[in-house]
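Here is what each chain is made of, one letter per residue.
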Amino acid sequence: MNTAVQSAGVLAFEDAYEVVREHCQHILKAGDRPSEELLLMQGLGRVLAESVKADRDFPPFRRATRDGFAVRADDLASGVTLLRVVGQVRAGDSYDLPLASGEAVEIMTGAAVPVGADAVVMVEYTERKSQEINHKGHEGTQRRQEPEQTNPDPVDVLGLSKDEQAHPEEVVAEDLVEIQRSVASGENVVPAGAEARAGQELLPRGVRLGPAQIALAAAAGKASVKAYRKSKVAILSTGDELVDVAEKPGPSQIRNSNSYSLAALVTEYGGEPVQLPIAPDEESKLTELIHEGLKADMLLLSGGVSMGKFDLVEQALKALGAKFFFTGVLIQPGKPVVFGEVGAVPFFGLPGNPVSVMVTFELFARQMVEALGGAEPERVKSAKAKLRKEFKTKTGLTRFLPARLEGGLDDAEVEVVPWQGSGDMLAAAKANCYLVVPPDREKLAKGEIVTVVIR
Ligand code: AMP
Ligand code: MG
């Protein structure tokens, strides 16, 4: 390895992580990237190239959050109270008459709270009653509306037969409800516009569309969205021992699995992988393929970055005028990882071991894929869990070891997956997280609360 490359430095994990994040910020600030219009569901996992605004208030009306009765909170100040039920309103209906003192409207979750009402009492704290009264005229009951009825025949509205209507002074049942609890004004009611006002930004440009963002865009009437085009990420595996997946490997050859783990990871984080042919450990052919890879928005190389005689990647990159931001990170697996750029094209040289390739991608390269796609890169997702078995190691490196996180919300436990070193793909496939061992720790004790990085 030449000295210019070495001088770029081997960094501690946190420093290398920040170097990559800083570079991502430059890329995001550079702005302007091509976009395309997509049907909303095609936008899943893509990055918004426009801001989505509320086309009306969210919620558009005062929304009941419980089944129960819409009331005037003041009516209930003196304990258990009997109110007259003057109507019913379901989600999708409206009750247009103002609610007067002494009245309640039966209401369902998601329905618009009638004017005059300022709270909803949950149905659990109420009891329906009816009371026989001498029906003189239609003073109270004429306010009843059954908006869900298609035929607003006055007979149905009043709940009286035509016969009874002919004799309005007859005894009829009045619909009452006993309210057993007082409520504060505003209880179980979300005011119109409480979540967002019409015209307000719901989703900013640069947001990645997951299920919650897709739902919000749908609620705002976006049948299609403008998303950034995916960034192209070239993938170049190096190594004389490698053969394509479809080929039959000789006794000392291995299949090029890294090209696939990387293509899968790039896809998962919103990029478009471009898998290049395998590069041999020979400088001119390697240089030719690197050149090809630099036509993409970013280049990922695997293998050939260690200290061996045939690890030619850094040398070839340097000959192409590469600038190196780091040439190693104090981590395990993945210590020889390099990061730099040729012209404006960023590259990562990832160590060839299959677990190292995945770990270094997730810790570093992943953020760059996101930034090139126009998204603010997500921080590494970590969680705390109880260590199931004691773990011993040497100090000096931050370790990210394939591990399994199990248990529930409050009793998460983690255990390292037994592995044969950073070439052990089976361990990587069994793992659902990486156990983080800080560089100053020789031992993590059984039962200790430790950090894991979620994959
Ligand atoms: P290297 O970083 O080139 O020294 O490779 C380290 C180890 O990873 C060696 O055992 C390689 O055979 C293996 N390896 C390198 N590239 C790949 C690849 N594309 N797919 C699977 N294993 C690889
Ligand atoms: Mg190699």
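Residues numbered from 1 in each chain as written. Chains lettered and ligands numbered in written order. Predicted model: local features only at pLDDT ≥ 70, side-chain atom pairs only at ≥ 80, totals over all residues. Heavy atoms only, no water.

Right, let's talk about the pairing of strand β6 (residues 81–89) for a bit. The element β6 is largely enclosed, with a buried count of 7 among its 9 residues. The pairing of β6 with strand β10 (residues 171–179) spans 4 bridges and is antiparallel. Bridge pairing in β10 places threonine 81 opposite isoleucine 179. Note that β6 and strand β7 (residues 103–107) share 5 bridges and pair parallel. (Buried < 20%, exposed > 50% of the residue type's maximum accessible area, 1.4 Å probe, protein only. Helix = DSSP H or I, 4+ residues; strand = E, 2+ residues; numbered from the N terminus. Pairing = 2+ DSSP bridges.)

In this section: the environment of aspartate 93. Within the fold, aspartate 93 resides in the loop between β6 and β7. As a C-alpha pair, aspartate 93 and methionine 108 span 15 residues in sequence and 9.8 Å in three-dimensional space.

With 90% of its residues at a pLDDT of 70 or more, the chain has an overall mean of 91. Contacts for the low-pLDDT stretch residues 137–164, under 50 throughout, to residues beyond four places or in other chains number 46 contacts. (pLDDT = per-residue confidence, 0-100. Contact = heavy atoms within 4.5 Å.)

With that settled, consider the site of ligand 1. Taken together, 17 residues form the shell around ligand 1, and within it Glu241, Asn256, Asn258, Gly304 and Gly352 come nearest. Glycine 352 has a polar backbone atom sitting 2.8 Å from an oxygen atom of ligand 1. Within the backbone of asparagine 353, one N or O atom sits 3.2 Å away from an oxygen atom of ligand 1. Isolated, ligand 1 exposes 480 Å² of accessible area, and the fraction of that covered by the protein chains is 77%. Per-class residue counts for the shell around ligand 1 are 4 nonpolar, 11 polar and 2 charged. (Near = heavy atom within 4 Å. Polar contact = N/O pair within 3.5 Å; in protein donor to acceptor, adjacent residues only side chain to side chain. Areas by Shrake-Rupley, 256 points an atom, 1.4 Å probe, with all protein chains shown as cover. Nonpolar A, V, L, I, M, F, W, Y, C, P; charged D, E, K, R; others polar.)

Moving on, we come to the side chain of glutamate 50. Position of glutamate 50 among the secondary structure elements: in the loop between β2 (35–39) and β3 (52–53). Taking the relative accessible area as the measure of exposure, glutamate 50 reaches 17% and is therefore buried. Side chain to side chain, glutamate 50 and lysine 222 meet in a polar contact 3.0 Å long. At 2.9 Å, the side chain of glutamate 50 forms a polar contact with the backbone nitrogen of lysine 226.

Attention shifts here to the sheet that holds strand β19 (residues 323–326). Taken in spatial order, the 6 strands make up an open sheet running β17-β14-β18-β23-β22-β19, and their pairing is mixed. The open sheet has two edge strands with one neighbour each: β17 (272–275) and β19. Averaged over all neighbouring strand pairs, the angle between strand axes comes to 25 degrees, with direction disregarded. As judged from the 3 bridges shared by β19 and strand β22 (residues 338–342), these two strands associate in the antiparallel manner. Of the residues in β22, the one forming a bridge with phenylalanine 326 is phenylalanine 339. Packing of helix α2 (residues 13–30) onto the sheet brings it into contact with β19, β22 and β23 (345–350), and relative to β19 it is tilted by some 130 degrees. (Axes fitted to C-alpha atoms, helices over the stretch in contact; angles between N-to-C directions.)

Position of arginine 441 among the secondary structure elements: in the loop between β28 (433–437) and β29 (443–444). Not counting the four nearest positions on each side in its chain, arginine 441 is found in contact with Thr393, Lys394, Thr395 and Glu448. Within the structure, the side chain of arginine 441 is placed 2.9 Å from the side chain of glutamate 448, a separation counted as a polar contact.

On to the nonpolar core, then. Judged by nonpolar contacts, the single largest core of 41 residues is most densely connected at Leu300, Phe348 and Phe364. Counting only elements with at least two residues in this core, the list comes to α2, β14 (232–237), α6 (258–268), β18 (298–302), β23, α9 (354–372) and β28. A total of 12 residues in this core trace back to one element, the largest contributor, which is α9. Apart from the residues within four sequence positions on either side, leucine 300 is in contact with Val233, Ala234, Ile235, Leu236, Leu262, Val266, Phe348, Leu350, Phe361 and Ala365. Grouped together as the second largest cluster of nonpolar side chains are 22 residues, Ala234, Leu312, Leu317 and Val342 included. (Core = buried A, V, L, I, M, F, W, Y, C linked by side-chain atoms within 4.5 Å.)

Looking now at the pairing of β7. A large share of β7 lies buried, amounting to 5 of its 5 residues. The two faces of β7 match: Glu103, Val105 and Ile107 on one face and Ala104 and Glu106 on the other face are all buried. Here 3 bridges tie strand β5 (residues 68–71) to β7, and the two strands are oriented antiparallel to one another. Looking at the pairing, alanine 70 lines up with valine 105 of β7.

Our next topic: the pattern of salt bridges. Counted under the stated rule, the structure contains 23 salt bridges. Where arginine 84 meets glutamate 174, a salt bridge forms, and the shortest distance between an N and an O atom there is 3.5 Å. Highlighted residues: arginine 84 in strand β6 and glutamate 174 in strand β10, separated in sequence by 90 residues. On the basis of relative accessible area, glutamate 174 is assigned to the buried category, the value being 12%. Put simply, glutamate 292 and lysine 295 hold a salt bridge, and the shortest N to O gap is 3.1 Å. (Salt bridge = Lys/Arg side-chain N within 4 Å of Asp/Glu carboxyl O.)

The next point concerns the packing of aromatic side chains. Going through the model one piece at a time under the given rule, you end up with 9 aromatic pairs. Grouped by ring-pair contacts, the aromatic residues Phe13, Tyr17, Phe325, Phe326, Phe339, Phe348, Phe364 and Phe400 constitute a single cluster. The ring of tyrosine 228 carries the charged tip of arginine 33 above its face, separated from the ring centre by 5.6 Å. For the cation-ring pair, arginine 181 lies above tyrosine 125, with the distance from its terminal atom to the ring centre recorded as 3.8 Å. (Phe/Tyr/Trp six-rings, centres within 6.5 Å; stacked < 30°, edge-to-face > 60°. Lys NZ or Arg CZ within 6 Å of the ring centre and 35° of its normal.)

So, about unusual backbone geometry. In terms of backbone geometry, most residues other than glycine have negative phi values and most peptide bonds are trans. The linkage connecting phenylalanine 58 with the following residue, proline 59, adopts the cis geometry, with an omega of -10 degrees. With respect to the helices and strands, proline 59 occurs in the loop between β3 and β4 (63–64). Of note, asparagine 188 is a non-glycine position whose phi angle comes to about 60 degrees, a positive value. The topology assignment puts asparagine 188 in the loop between β10 and β11 (189–190).

Relative to the elements of secondary structure, alanine 445 occurs in the loop between β29 and β30 (449–454). With relative accessibility at 28%, the residue alanine 445 sits in the partly exposed group. C-alpha separation for the pair alanine 445 and lysine 389, spaced 56 residues apart in sequence, amounts to 7.2 Å. With sequence-adjacent residues up to four places away left out, alanine 445 is seen in contact with Leu387 and Glu390.

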